[in-house]
Amino acid sequence: MDQCEDREEGVPPSKSTLCGEHESQTKAQRKKRGTKRKHEPEPSCVSLKSDWSEEHFIYFKSQPVSAAERARKRSGVSEEEQLSCCALCQDVLKDPVSTSCGHWFCRQCICSYWDQSASSGDSSCPQCGERSRSRAGLQTASQSSCVQTDVGLQEVLDEHKISLRRRCERVNEGSDETGSRTLLNRIYTELYITEGQSEEVHIQHEVRQLETASKMDALHDTPIRCQDIFKALPDQQRPIRVVLTNGVAGVGKTFSVQKFTLDWAEGLENQHVSVVVLLSFRELNLIRDEQYSLLELLHVFHPTLQKVTAEKLAVSQLLFIFDGLDESRLSLDFTNRKLLSDVTQKSSVSQLLTNLIQGNLLPSALVWITSRPAAANQIPPTCVDTG
Ligand SMILES: Nc1ncnc2c1ncn2[C@@H]1O[C@H](COP(=O)(O)OP(=O)(O)OP(=O)(O)O)[C@@H](O)[C@H]1O
């Protein structure tokens, strides 16, 4: 059994349950001090980092065309062939490395070229004559792609992170919206999530559930930090893609989401995620009767995503956070057979969400949903990863 006070109060285990006992401050204490506030989401900006291969291609295209390249073009050699061919041995690249001007050679070819070159220590590019980085600085394809992927997109990504940091770094304190905003990191106390999967559908009132909760067993009673919810436990085989965090009113679900996002935006945690898309069901309610594609949905709520194409979206590691399922006025119908797999295909917001959660849309995207217990049964247990 977990040791958290709120679990003792009776939050029934779902995929994960926010136990909500802060290390130094209980919910009761918070309420007494009038700190329970709902944090309205603000518009944010999002950018995207693409996979290396796509940028790799752009990278080559953007190089100044050398005489050798022009000659190859004249000879009818395709660009793909050029990219896989060493300019020195004219053979297929072996252990390919690039000079700082962007030309590719077999590592052995370029090293022996430099070894043989009259002026030792000269590291000019054999193809264009430009002075290159030294042999120690030659880049492999993956190093080069990282650098190139970041060109242009890095700026957008930084902008997105700054935007999300601004959105999450401060929270309202006080009993009404006029309360002052304070730094989240200053008041945040660690919350623990326990993993569990209830077989029952929770139809009772939350108070009733509190009574029955003690009869349910958590799958794991090890507390998990909110930043670690997508990290599989040692005994878990499958990667975790969809997480549903279930917790009673005021336990700290929104705070956890904000803390997770802030740590990501500050570069502290979960850096394998390229883009965090933070949305509340309250925001989504506003467009529930409209038709959007997933790409448009992101553009609407995250304007800087406008710079990002569907192709880049498909190859990036996205994390969608949907906060407050209990406030949803969408009718999430997981039995609807309308399959969506194209991020540019328009549909209702609920269909976008069900397809995203089911993995038809952006199958590698991570999804985190938070909910009060009474509403959590809107997500079928089969859609949630138990690890
Ligand atoms: N980790 C935390 N550290 C410090 N205070 C917290 C923490 N989590 C929650 N609180 C306090 O509890 C209040 C309620 O938290 P929060 O809005 O995150 O709850 P919630 O679970 O999202 O509630 P609801 O179900 O009503 O949306 C916050 O305004 C804050 O004052």
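Residues numbered from 1 in each chain as written. Predicted model: local features only at pLDDT ≥ 70, side-chain atom pairs only at ≥ 80, totals over all residues. Heavy atoms only, no water.

- Going by what an unreviewed UniProt entry lists, the protein chain is known as RING-type domain-containing protein and is assigned to Oreochromis aureus.

1. Points about unusual backbone geometry
Move 1: Residue Asn270 is not a glycine yet carries a positive backbone phi of 50°.
Move 2: For Asn270, the location among the structural elements is in the loop between helix 11 (253-265) and strand 9 (275-280).
Move 3: Residue classification places Asn270 among the buried residues on the basis of a relative accessible area of 7%.
Move 4: One non-glycine residue, Leu362, lies in the positive phi region at around 45°.
Move 5: Among the residues examined, Leu362 registers a relative accessible area of 8% and is labelled buried. (Helix = DSSP H or I, 4+ residues; strand = E, 2+ residues; numbered from the N terminus. Buried < 20%, exposed > 50% of the residue type's maximum accessible area, 1.4 Å probe, protein only.)

2. Some remarks on the side chain of Ser328
Move 1: Note on placement: Ser328 falls in the loop between strand 11 (318-323) and strand 12 (347-348).
Move 2: At 3.0 Å, the side chain of Ser328 and the backbone nitrogen of Leu330 are in polar contact.
Move 3: Once residues within four sequence positions are removed from consideration, Ser328 is found in contact with Phe281, Asn285 and Gln378. (Polar contact = N/O pair within 3.5 Å; in protein donor to acceptor, adjacent residues only side chain to side chain. Contact = heavy atoms within 4.5 Å.)

3. Observations concerning helix 13 (residues 294-301)
Move 1: With 6 of its 8 residues buried, helix 13 lies for the most part within the structure.
Move 2: Among all positions in helix 13, only Leu294, Leu295, Leu297, Leu298, His299 and Phe301 are buried.
Move 3: On the buried face of helix 13, the contacting elements are strand 9, helix 12 (281-285), strand 10 (291-292), helix 14 (310-315), strand 11 and helix 15 (349-358).

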